[in-house]
Amino acid sequence: MLEAVNKQPLLDKQSLMKHLPGAAFLILVIFLIAWLLSATLSWMVDEQRLPLSKLIIQGELHHVKNSDVREALKSLDSIGTFMTHDVDQLQNALLALPWISHVSVRKQWPDTIKVFAVEHQAVAIWNDDQLLNVNGTVFNGKVTELLENKVSLYGPKESSHEVLNVFNEIQRRLKPLSVSLKSVALSDRRAWHMELSNGIRIELGRDARNERVTRFMALYQRIISSSRPIEYIDLRYDTGAAVGWKVIQELEQESINE
């Protein structure tokens, strides 16, 4: 019994010494892997070593310049690296540009940002200092940057969709008359006012808009051939309309003999 007890510690010590090199090697491998991962991660997030330095801009852009996109990205505190940059942050910075409607930002290894941008398609001037796109959404593009003349639309806040829809409807109905709309306005009291491309003002009022447009079209064909120029047509009546004629003033010229 005594011999068995005395030999057991010797066997444990021998076993420990036998496996010690293997355990030490395993610990060394684990430490080396952890160090490599840490060093690699540190390298990939270091903006000095792996900066996003290239920018590719795609899309049919007429009002947004490449320099506008670059300046928007430069306004961020930090763009980051390929591994750390925030795509949502970049997209929000670009969507802040007035003419940008939609934008997609992607990254391309190792140092490139790819931007695909879609501009608003302006169809009207809204309240003199803003613009409307084809969906009736207001955006803050500059009126002076328009490439062609647009109809002027007016209305209270949150009425842009309604005013654009009414413009499109009436514009379509006026095609047989070979005349178009120059402006459409909805007042705070919900009354409709229009101006034709030939300068004639139309008062539709608040009620029975469709019926009054129909009445205007029938009346217009009868009076447009008149030699007297029309200033306005007021249709805010149950039947008929009031027509205002322009006053033509003859200017006298005086000859001054020196």
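We now turn to the structure provided with this report. Small disclaimer: the values here were computed from a predicted structure and weren't measured. (Residues numbered from 1 in each chain as written. Predicted model: local features only at pLDDT ≥ 70, side-chain atom pairs only at ≥ 80, totals over all residues. Heavy atoms only, no water.)

1. Brief notes about the overall build of the protein
The test is simple: Put simply, DSSP H or I for four residues or longer makes a helix, DSSP E for two residues or longer makes a strand, and each gets a number counted from the N terminus. For every residue, the accessible area obtained with a 1.4 Å probe (protein chains only) is divided by the maximum for its type, and the residue is called buried under 20%, exposed over 50%, and partly exposed between those limits. Should any heavy atoms of two residues lie within 4.5 Å, those residues are counted as being in contact. In these tables, accessible area is a Shrake-Rupley quantity obtained with a 1.4 Å probe, and a residue counts as shielded only by the protein chains included in the view.
Scanning the protein from terminus to terminus reveals five helices and twelve strands. Every one of the 258 residues in the protein was classed for burial, and the buried ones make up 32%. Sequence separation of at least 24 residues holds for 47% of the intrachain contacts in the protein that already meet a minimum separation of 6. Total accessible area on the protein is roughly 17800 Å²; 53% of this is exposed by carbon and sulfur atoms.

2. With respect to the pattern of salt bridges
Using the following cut-off: Every case where a carboxyl oxygen of Asp or Glu lies within 4 Å of a side-chain nitrogen of Lys or Arg is listed as a salt bridge.
Within the structure shown, the criterion is met by eight salt bridges. Residue R201 pairs with E231 through a salt bridge whose shortest N-O separation is 3.6 Å. Taken as a pair, R201 in strand β10 (residues 201–205) and E231 in strand β11 (residues 230–234) lie far apart in primary sequence, 30 residues in all. One salt-bridge network, in which partners are shared between bridges, spans R201, E203 and E231.

3. Digging into the sheet that holds strand β3 (residues 112–119)
For clarity, the cut-off: A strand pair is defined by DSSP finding two or more bridges across the two strands. Geometry is summarised by axes, namely lines fitted to C-alpha atoms with helices restricted to the contacting stretch, and by angles between N-to-C directions that run from 0 to 180 degrees.
Taken together, three strands build an open sheet; the order of strands is β1-β3-β2 and the sheet is mixed. The sheet is open, and its two edges are formed by β1 (54–58) and β2 (100–108), each paired on a single side. This sheet shows a mean twist of 20° between the axes of neighbouring strands, independent of strand direction. Across eight bridges, β2 lies against β3 in antiparallel orientation. Residue V103 lies in a different strand from β3, and its bridge partner there is A117. Of the strands in this sheet, β2 and β3 are in contact with helix α3 (residues 87–95), which crosses β2 at around 150°.

4. Structural notes on helix α2 (residues 66–74)
Short version of the rule: The arc in question is the one spanned by the directions pointing from the helix axis to the C-beta atoms.
When α2 is considered as a whole, its buried residues turn out to be V69, A72 and L73. Down the axis of α2, the buried side of the element spans an arc of 95°, and every buried residue falls inside it. Lining the buried residues of α2 we find β1 and α3.

5. Things to note about the packing of helix α4 (residues 160–173) against helix α5 (residues 209–223)
Applied cut-off: Just so you know how the angles are binned, under 35 degrees is roughly parallel, over 145 roughly antiparallel, 65 to 115 roughly perpendicular, and the rest oblique. Crossing handedness is read from the near helix: turned anticlockwise from the far helix by less than a right angle, it gives a left-handed crossing, and turned clockwise, a right-handed one.
Interaxial distance between α4 and α5 falls to 11 Å at its minimum, and their mutual angle equals 30°. Relative to α5, the element α4 lies roughly parallel. In this structure, the crossing between α4 and α5 has a hand that is right-handed. Seen from α4, the contacting residues are V166, E169, I170 and R173; seen from α5, they are R209, N210, V213, T214 and M217.

6. Concerning the nonpolar core
Generally speaking, a soluble globular protein has its nonpolar side chains buried in company with each other. Inclusion rule: Nonpolar cores were defined as sets of buried Ala, Val, Leu, Ile, Met, Phe, Trp, Tyr and Cys residues, with membership established by side-chain atoms within 4.5 Å.
In this structure, L153, L174, L196, I202, F216 and I233 are the most contacted members of the largest nonpolar core, which totals 31 residues. Broken down by secondary-structure element, the contributors of at least two residues to this core are β4 (122–126), β7 (151–154), α4, β8 (181–186), β9 (192–196), β10, α5 and β11. Ranked by the residues each element gives to this core, the list is headed by α5, at six residues. Setting aside anything within four residues of it in sequence, one finds I233 in contact with I200, R201, I202, E203, F216, L219, I223, A241 and A242.

7. Regarding α3
Burial in α3 covers these residues: L90, Q91, A93 and L94. The arc enclosing the buried residues of α3, seen along the axis, measures out at 160°, which places them on a common side. Next to the buried residues of α3 lie α2, β2 and β3.

8. Quick word on unusual backbone geometry
A positive phi angle, near 70°, is found at E158, a position not held by glycine. Residue position: E158 is located in the loop between β7 and α4. Residue E158 is classed as exposed on the basis of its relative accessible area, which comes to 70%.

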